[in-house]
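# Structure assessment
Listed below, chain by chain, are the residues.
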Amino acid sequence: MQRLQKLPIKIVYVEDNEEIRHLTAEYLENHVASLYTAGNGEEGLALLQEVEPDVVITDMEMPVMNGLDMIKKIREERPDIPIFVTTTYEDTLYLTEAIKYGITHYIYKQSDPARLLDSIRDFFKLIHNSFLTMELTEEGDILSVSDTFAHFLGFSKEELLHKPVDSLLVPLNDVKQTSFLSRLQTFEQVENLQAVFRKRSGAEVLLSGAGKLISENENNQNIYETHWYPIECLLRSHREITERLQKECYLKSLMQLHAYISQEAMRSSDIETFLQDILDRLPTIDPDLSGCLLSQSNALALRNGTRTADIDFDRLFPVPIDLENSEHEKIYLPCFLAAIYDKMIFIDDIGHLADSPFKSALTEYGIVTLVSIPLDQTSLASKSVLTLMFGHHQKFDKEELDLWQNIANTMGFGIESINLRLERDALIRKLDTMAHTDNLTGIINRYRGVELLESEIVRAKRYEKIFSIIFFDIDNFKKINDTYGHHMGDKVLIKVAESIDGALRSTDALIRWGGEEFLILLPETSLHDAVHLAQKLRKRIEQRDSGIPIPVTASFGVTEWDRDQSLDILISRADSKMYEAKREGRNRIAY
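Residues numbered from 1 in each chain as written. Predicted model: local features only at pLDDT ≥ 70, side-chain atom pairs only at ≥ 80, totals over all residues. Heavy atoms only, no water.

## Structural notes on the side chain of Arg-21
As for its position among the elements, Arg-21 is in helix H1 (residues 18–29). Although buried, Arg-21 forms no salt bridge, and the nearest oppositely charged side chain, Glu-18, lies 4.6 Å from it. A polar contact of 2.5 Å, which involves the side chain of Arg-21, links it to the backbone oxygen of Glu-15. Setting aside anything within four residues of it in sequence, one finds Arg-21 in contact with Tyr-13, Glu-15, Asp-16, Thr-37, Ala-38 and Gly-39. (Helix = DSSP H or I, 4+ residues; strand = E, 2+ residues; numbered from the N terminus. Buried < 20%, exposed > 50% of the residue type's maximum accessible area, 1.4 Å probe, protein only. Lys, Arg positive; Asp, Glu negative; His and termini not counted. Salt bridge = Lys/Arg side-chain N within 4 Å of Asp/Glu carboxyl O. Polar contact = N/O pair within 3.5 Å; in protein donor to acceptor, adjacent residues only side chain to side chain. Contact = heavy atoms within 4.5 Å.)

Shown next, in the form of structure tokens:
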């Protein structure tokens, strides 16, 4: 039986579990050139310095130094080395952070080691196929070429050296494009070169490649290194480009959602409408995407869910999740962990969830991937967790996770902004009420009353309307205070204000003018109607309230506004009429 050719790479494999390390290492040793193992991150870093591997495979949760800390240090020293993470569902907390540091791929430990090897082979496929290499001067002369590239084109290396590369290219006259060499001269490094090469036999072949400026020769000329890939790599590249375009459209939709949230956060005045609108927009980004918001204090409780999704969120979260009770930890991941650790958590396969009604419901609704993101709400005691649900397997990268985190942060900012605006508006209303309301009786005070009277004069002049005022004063009020005390006096004022205010129209205004004096503004009311109302009010005050053991009466002065009459004259006339009523014996009306 023919033995499989080993992958010509060196791997450092870091895993603290001896049984898992032994089984996985045994498989990998049969398929790669060199394998070195370590039991923790510190040993892994030492091996990295010693053997300079092509690949690092690491566990996450380990003693001495965990996988995440090791990845951080590796990225400082060797930012380009591929890192493959083997993880368990419990490592979810660390996996999100690891992706942000730029790991190459992650795979669950429960998977067959062959899947891990396939991922590594897949990653190196393009590198293995990059045997078509060529170095060029800035004039386009071939400075060096790999044996395989020369053989691929049907030439010897010697035949191609110092030959213009243009002599090997088929002009694309029907395509308006810049030659790959011009692009290299402009950008110095290009990842997506394309060119049609002509073989010695006359056959034409389309190659895809990449190139970069690597040095200068003794004549101060730039030297460019290029790598070219045959058709199978081009097809793969095409698929990757297509996937990337789709990904870019998806990321663009996320950026547009973020911009929309930012705008709404600044102008919305209703938190529930703000949040519901965002959640209902999720399926426009991805038809298989829905989401919900869970409020967090001592427990996670459902707050909002995507209304356009065919999901019963009340069934998923029938009761609040107690954050202080770890019994829910396995059932409600990742939202439980996101709330506990205040970090974004995801699981890309709900099959790893513990069996529960929650998992059964997710499966029934076709949910495959879950992401939970705590909202950044620094000034609020109660926080929220945004949970996203994908109906397909979603592999995440740093760019996408960062965008989702920004979206969640801006949602949190929006909640805080709206809350602050609501608090500000409530305070303004309170201050306005305090400024315009009499503290004792709760009716309009004199300051606000003058504003209303002046405004009514302007309105009456503009629209040629009439209005009247009633000025009244509680009779013998000083005697009530002296005999029964100020507490009883205050009670009389409150009861009179309540009695009069309850008999007025919504357009009328009862004003405490000062002490025991009151003024009533009656828009679009004639003198005759105002006098009729004053009679009703006089009788209303005269009727003894059960809470006041003494008789209470009031004297009224009524007047109608004359056109071009000033406010001072109008009030003076009403005041004079009121005193006329007092002189005539009190508890009566003068007009």
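## A few points about the pairing of strand E8 (residues 189–198)
Strand direction decides the pairing type here: E8 and strand E9 (residues 204–216), joined by eight bridges, are antiparallel. The residue of E9 that forms the bridge with Ala-195 is Leu-207. Linkage of E8 to E9, two consecutive antiparallel strands, is achieved through a turn of five residues, within which Gly-202 is found at a positive phi near 95°. (Pairing = 2+ DSSP bridges.)

## A short note on the side chain of Glu-400
Position of Glu-400 relative to the elements: it lies in helix H15 (residues 398–436). Residue class for Glu-400 comes out buried when judged on its relative accessible area of 0%.

## Concerning the packing of aromatic side chains
All chains considered together, the criterion is met by 11 aromatic pairs. Both rings, one in Phe-197 and one in Trp-228, keep their centres 5.2 Å apart while their planes meet at 70°; by these two values the pair is edge-to-face. With a gap of 31 residues between them, Phe-197 in strand E8 and Trp-228 in strand E10 (residues 222–229) connect regions that are remote in the sequence. Of the residues examined, Trp-228 reaches a relative accessible area of 0% and is grouped as buried. (Phe/Tyr/Trp six-rings, centres within 6.5 Å; stacked < 30°, edge-to-face > 60°.)

## Section: the nonpolar core
Ranked by size, the top nonpolar core spans 55 residues in total, and within it Ile-103, Leu-388, Trp-404 and Met-411 carry the most contacts. Take this core: its biggest share by element is eight residues, from H15. Apart from residues lying up to four places away in sequence, Met-411 is in contact with Ile-261, Phe-274, Leu-275, Ile-278, Leu-293, Leu-375 and Leu-386. Ile-443, Val-492, Ile-500 and Ala-534 belong to the second largest nonpolar core, which has 30 residues in total. (Core = buried A, V, L, I, M, F, W, Y, C linked by side-chain atoms within 4.5 Å.)

## Thoughts on helix H14 (residues 357–364)
All of the buried residues along H14 are Phe-358, Lys-359, Ala-361 and Leu-362. Considered in projection along H14, the buried side chains sweep an arc of 160° and stay on one side of the axis. Of the exposed residues in H14, those oriented more than 90 degrees away from the buried face are Pro-357, Thr-363 and Glu-364. Trailing H14 by a residue or two, Gly-366 shows a phi angle of about 80°, which is positive. (Arc of directions from axis to C-beta.)

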